Amino acid sequence: MNRDEANELMADYLGGELSPADRLRFEAYLNTDPELAGEVAGLERTLATLQQLDAPGNVAQPRTAADHTGAPRWWIAAALRYAAAVAIAFLAGYSLRGPAAESPVSSPTRLVRNDAPDSRSTYWHRVAEAYSRRANGSGLGRPL
Amino acid sequence: MTTTSTSTADANAAFDQHREEVYAWAYRILGRHHDALDVVQDVCLRWLRNRPAGGADSPRGWLRRVTMNRAVDLIRSRKSAPRALSSASELSARAQGDALETMELRATIAAALDRLSEMQRSVLIAKVYDGLTFAEIAADHQLAVPTVKTHYLRAVSATRDRLRAESRL
């Protein structure tokens, strides 16, 4: 076998379609042609790499529960932000006291006027909401 | 009306015979269930509109070629998505069980396939994943067997070069 013949058989060799006899002849030739042997080895590694990509066997079955329900995870983050906002407002409310002003909002105490008829729970709820909106980037600036 | 309904039903039934294959072809490149389903739906619609009727491709050959084109298109459109969106997609893929390394491998292979001609891509997929012989692939696409072998070698060589460039080989 020579290089031209080997090149003719290359596709069949890589594609697994050589007869056993031709396969032996081809491999025997590779032992005498290190350059071609290196090229064949690279192509074989490429094919092995391609074959690493698998596919699920069943089209109908979703891979995970989230695939099936499409359950959004945004609500988890939103709930955590809300809880954090409540905690921050609770702590801030005990340390920051002062008269409300009509200036742009910059602290929790400015969100609610002292003479607002809110109950305590409603007050903290609105403070927490305001912080949550700020965290979401919608911004504050309007007094409640 | 009845004839149209019957022919659409027949076309749907014909597509259903290959649905699993279409999904598998798409999934191997995309690595995500929902993306693969999107491609299946897209290909199905194209099948209903433009399916081959005695043309150059067999039904399977046509579907393989179109599926790979759509999967590569989806990869391209994903590349041009804003970085934040890509990150969210990556997180989603990881959550769906695709390891980061496999994701990266898929992306590299998809990029390599993107550089192949349509026929090189189809021949490579048919040989590597479907296990078809060169003669079967030639029949799928109405090509001569030597032409199929040439497409195959060029496709494997180009993919090797891309994997080497990405240090994945």
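Computed from a prediction, not measured in an experiment: that's the story for all the values here.

## Remarks on the overall build of chain B
Helices and strands together make up the secondary structure of chain B, namely eight helices and zero strands. Counting from the amino terminus, helix and strand elements in chain B follow one another as α-α-α-α-α-α-α-α. For chain B, with 169 residues in total, the buried portion stands at 46%. Sequence separation of at least 24 residues holds for 67% of the intrachain contacts in chain B that already meet a minimum separation of 6. Accessible surface, chain B: about 8000 Å² in total, of which carbon and sulfur atoms supply 51%.

## Here we look at unusual backbone geometry
Backbone geometry at Gln 142 of chain B places phi at a positive 55°, although glycine is not the residue there. Relative to the elements of secondary structure, Gln 142 of chain B occurs in the loop between helix H7 (134–141) and helix H8 (145–165).

## What about the packing of aromatic side chains?
Remark: the centre distance and the inter-plane angle together describe each pair of aromatic rings, the angle taken between the planes. Residues and elements named next belong to chain B. The tally for this structure, following the rule as stated, stands at five aromatic pairs over all chains. Plain terms: the ring middles of Tyr 23 and Tyr 27 are 5.9 Å apart, the flat faces sit at 25° to each other, and that makes the pair stacked. Placement of both Tyr 23 and Tyr 27 in helix H1 (residues 2–30) is noted, with a separation of four residues, approximately one turn of the helix. Neither residue differs from the other here; Tyr 23 and Tyr 27 are each classed as buried.

## Observations regarding the confidence of the model for chain A
Residue and element names in this part refer to chain A. Mean pLDDT over chain A works out to 68, with 44% of the residues at or above the 70 mark. Low pLDDT, under 50, characterises residues 58–72; the stretch is placed with 22 contacts to residues that sit more than four places away or in other chains. Low pLDDT, under 50, characterises residues 100–118; the stretch is placed with 37 contacts to residues that sit more than four places away or in other chains.

## Overview of the environment of Lys 149 of chain B
Inspection of the secondary structure assignment puts Lys 149 of chain B in helix H8. Residue class for Lys 149 of chain B comes out partly exposed when judged on its relative accessible area of 22%. Along the backbone, Lys 149 of chain B and Ala 135 of chain B are 14 residues apart, and their C-alpha atoms lie at a distance of 9.5 Å. The residues contacting Lys 149 of chain B, other than those within four sequence positions of it, are Ala 11 and Asp 12 of chain A together with Phe 134 of chain B. Engagement of the side chain of Lys 149 of chain B in a polar contact is seen with the side chain of Asp 12 of chain A, the distance being 2.8 Å.

## Quick word on the packing of helix H2 (residues 20–30) of chain A against helix H3 (residues 34–50) of chain A
In a packed pair of helices, the relevant descriptors are the angle between the two axes and the axis-to-axis distance. All names here are of chain A. Following both chains from N to C, one finds H2 and H3 inclined at 120°, their axes separated by 8 Å at the closest point. Considering the angle they form, H2 stands oblique to H3. Together, Phe 26, Tyr 29 and Leu 30 of H2 and Pro 34, Leu 36, Ala 37 and Val 40 of H3 make up the contact between the two elements. Looking at the contact of H2 with H3, its residues break down into seven nonpolar, no polar and no charged.

## Some remarks on the nonpolar core
Ranked by internal contacts, the top residues of the largest apolar core, which has 59 residues, are Phe 26 of chain A together with Leu 113, Leu 124 and Tyr 152 of chain B. Ignoring sequence-local partners within four residues, the contact set of Tyr 152 of chain B consists of Ala 11, Leu 14, Gly 15 and Leu 47 of chain A together with Val 123, Leu 124, Lys 127 and Phe 134 of chain B.

## Structural notes on the side chain of Asp 33 of chain A
Here Asp 33 of chain A lies in the loop between H2 and H3. Of the polar contacts made by the side chain of Asp 33 of chain A, one reaches the side chain of Tyr 29 of chain A; its length is 2.7 Å.

## Things to note about the pattern of salt bridges
For the structure shown, the criterion picks out 20 salt bridges over all chains. Overlapping salt bridges bring together Asp 42, Arg 46, Arg 70, Asp 73, Arg 76 and Asp 114 of chain B as one network.

About the thresholds
Residues numbered from 1 in each chain as written. Chains lettered and ligands numbered in written order. Predicted model: local features only at pLDDT ≥ 70, side-chain atom pairs only at ≥ 80, totals over all residues. Heavy atoms only, no water. Helix = DSSP H or I, 4+ residues; strand = E, 2+ residues; numbered from the N terminus. Buried < 20%, exposed > 50% of the residue type's maximum accessible area, 1.4 Å probe, protein only. Contact = heavy atoms within 4.5 Å. Areas by Shrake-Rupley, 256 points an atom, 1.4 Å probe, with all protein chains shown as cover. Phe/Tyr/Trp six-rings, centres within 6.5 Å; stacked < 30°, edge-to-face > 60°. pLDDT = per-residue confidence, 0-100. Polar contact = N/O pair within 3.5 Å; in protein donor to acceptor, adjacent residues only side chain to side chain. Axes fitted to C-alpha atoms, helices over the stretch in contact; angles between N-to-C directions. Parallel < 35°, antiparallel > 145°, perpendicular 65-115°, else oblique. Nonpolar A, V, L, I, M, F, W, Y, C, P; charged D, E, K, R; others polar. Core = buried A, V, L, I, M, F, W, Y, C linked by side-chain atoms within 4.5 Å. Salt bridge = Lys/Arg side-chain N within 4 Å of Asp/Glu carboxyl O.

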